[in-house]
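Chain residues, written in single-letter form:
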Amino acid sequence: MRLLRQEEQVDIPYLLSVDAQSTQFQKLYLITTQGNVYDSAYLVSTLDEFPWAKIYQAEDGDFVTRYVIDKREEWGEYLLYGTRLDSPFPYAGEQIEGIVALVPLEELSGLIHLESFDGQGTTLVIEPDGTIITASLYYDNDTSLNYFAELEQASFLDHSSLEKCKTAISRGESLYVEYIFQNEQYNAMLRPVGNKSCGNGWYMVVKVPESVSAEQTRSLLNRSLFFFALLSIVVFTLAAFVFKNMRAVQIAKASERAKSTFLANMSHEIRTPLNGITGLLYLMHQNLDSREKLEEYLEKAEVSADFLKSVITEVLDMSKIESAQMELYCKKLNLEKLLREIDMLIAPQAEERKQHFSIDCGALASPWVSGDEVRLKQIIINLLGNALKFTPPEGSITLSVRQSLQGETAATTFRIIDTGCGMSPEFLEKIWLPFEQEHRPGSINGTGLGTTLSKLLAEKMGGTIEVVSREGEGTTFTVRLPLTAAQPEELSASSRNDRQIILEGMRILAAEDNDINREILTEILTGYGAVVTPAVNGQEAVDIFSKSPVSAFYVILMDIQMPVLDGYEAAKRIRAMNRPDSGTVPILALTANAFKNEAEQAKESGMNDVVTKPLDVNLLLQKLSALETKPSGANPGTDTKKGKRQEETV
């Protein structure tokens, strides 16, 4: 206590005055061992003059009690606080031994009112006999001023009673009771005030109507519900975030596995035929003097090259379909002619394997239909290729075709039936997935893309594809396509002779930056009677064309990716030249990119058609031979070679 600090002892009366004004104490007194009393009003009196002197003299330590002043000039109810100091301290030649303070009960009522459920409850301070010392609200209830008088008229709940309350108070114990008084249910908590050393035995009672407790509980529940609702939103958001990230990780891992699988499969499928080609080239160098061995090695190299080209083509087709670049080019076609071409391609392979191949088409309702002939043929040949690989010698492979007209739609069903080794139930569940293969002893493996491509192409045509297979019994693929019926076409004389490739006397400007590709292209075309002028880049092609006589070139073959000037820009500059043939000379693009945007860009730059790499020589020859009218003004003195003729095999 700051009053005890030596440096401030001379100001004790002043400090008492300050403390009395800044606290709830109305009066503060210092008592000396000589019986004098110093108060906060700067007065000095003797202890005998105060009514509470006997209370002070009877206590040894701390105490608090109710005190009533009933004087004309001063009256009221107070709480009397006092303490005896362990060690007196000197002041003005005397020894101060104790301190006494008075607090008006009305001040205490204001304080406990704040703690009574915002004033909705009642807080009492009672003596052990139930006498109410003070209360947070005006308290009457016809019970005199004794809390026990209220409890005597109450109905207790939960096995409580007035006797139990008195017993707990006599023992200095806390207790909780529920009772009904004047038709109102109350919850009350009784708790001792101070400690036993005070010796007063006071109790604080907090009683609250049940309706207030329920409202407080509802308020707490509402706050709790809001908190838990907010917490649930946070938890849900966190869970969604975690799930999203876990999902992203799973997708990334799946994508990584797919990429690894793709690279592993492509590495194997590309390296296998490539190793064969390089090995055969080595053997050719070692046996240049043996025509017989050279022919054998060339045939095997052609097989490996064809397989390598099919791998690349299938991968490119998959990429085009998955990136929505695949387009169908529908035109009128003859199904009977298409089946004959398939027979010409498959029958020799089946005969070489000692297999029995047949086509059963019956009577077609509409032999002429509108559709994409290349993609339709690709579906059937892919499935027949699988049948060839997995059917043993002496086994049979059948292509069955049935058709029915439904208005303008020619519903056509193709069935590829084989008596091969069949497929396991486990593999049938993943047969349509890319790169999936069921390896069988003695069979020839492929890319694992054939069935996937067939399904994607069939669905793109608006059709379906199904498979039924049993191990050891064989497999049946069923393809149903809603083709559009078309009117028959009479073959003209020119179309009957379209199988003859005639390039004799054709002057061709060929722009190709790769030396080997340019040499191969030149040799092939000159072998069919064409005269080829090579260019190593787009700029050289533009210069050669600009310096040539009008109509000197029948057609321009333009590679796309070239140094100095690419094929697109070269075609634009040729079309922009101020000469009669700049807008009429056919320009065919040669590109390794088979995507739709490549073809569109080629046409936008002024090219007439696109031929993809690796080159299908027969397709290129057909496109060149189909150009019917040779440019007028062509140099009649041009040297030519006798044109070779070749039957169309595509």
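This one's a predicted model, so the numbers in the text were calculated from it and none came from an experiment.

For the rest of this paragraph, the subject is the overall build of the chain. Along its length, the chain carries 17 helices and 24 strands. Relative to its full complement of 650 residues, the chain shows a buried share of 40%. Long-range contacts, defined as pairs at least 24 residues apart, comprise 61% of the intrachain contacts of the chain with a sequence gap of at least 6. Surface exposure of the chain reaches about 36600 Å², of which carbon and sulfur atoms provide 53%.

Moving on, we come to helix α14 (residues 538–547). Taken residue by residue, α14 has Gly 538, Ala 541, Val 542 and Phe 545 as its buried positions. Projected down its long axis, α14 carries its buried residues within an arc of 100°, all on one side. In the core, the buried residues of α14 are packed alongside β20 (507–511), β21 (531–535), β22 (555–559) and α15 (567–575).

Once that is clear, we can look at the packing of aromatic side chains. This structure, assessed with the given rule, holds 5 aromatic pairs. Site record: aromatic cluster; members linked through ring pairs are Tyr 29, Phe 50 and Trp 52. Taking the ring centre of Tyr 56 as reference, the NZ or CZ of Arg 84 above it sits at 4.2 Å. The lysine or arginine in question, Arg 579, covers the ring of Phe 545, its NZ or CZ lying 4.4 Å from the ring centre.

On to the environment of Thr 134, then. Along the chain, the position of Thr 134 falls in strand β8 (residues 132–135). With relative accessibility at 5%, the residue Thr 134 sits in the buried group. Separated by 57 residues in the primary sequence, Thr 134 and Glu 77 place their C-alpha atoms 9.2 Å from one another.

Not every positive phi belongs to a glycine, and Lys 354 is a case in point at roughly 65°. When you line up the elements, Lys 354 lands in the loop between α8 (335–352) and β14 (356–360). Positioned with a positive phi, Val 564 is a non-glycine residue whose angle comes to about 70°. Examined against the element boundaries, Val 564 turns out to sit in the loop between β22 and α15. On the basis of relative accessibility, which here comes to 67%, the residue Val 564 falls in the exposed class.

Cut-offs applied
Residues numbered from 1 in each chain as written. Predicted model: local features only at pLDDT ≥ 70, side-chain atom pairs only at ≥ 80, totals over all residues. Heavy atoms only, no water. Helix = DSSP H or I, 4+ residues; strand = E, 2+ residues; numbered from the N terminus. Buried < 20%, exposed > 50% of the residue type's maximum accessible area, 1.4 Å probe, protein only. Contact = heavy atoms within 4.5 Å. Areas by Shrake-Rupley, 256 points an atom, 1.4 Å probe, with all protein chains shown as cover. Arc of directions from axis to C-beta. Phe/Tyr/Trp six-rings, centres within 6.5 Å; stacked < 30°, edge-to-face > 60°. Lys NZ or Arg CZ within 6 Å of the ring centre and 35° of its normal.

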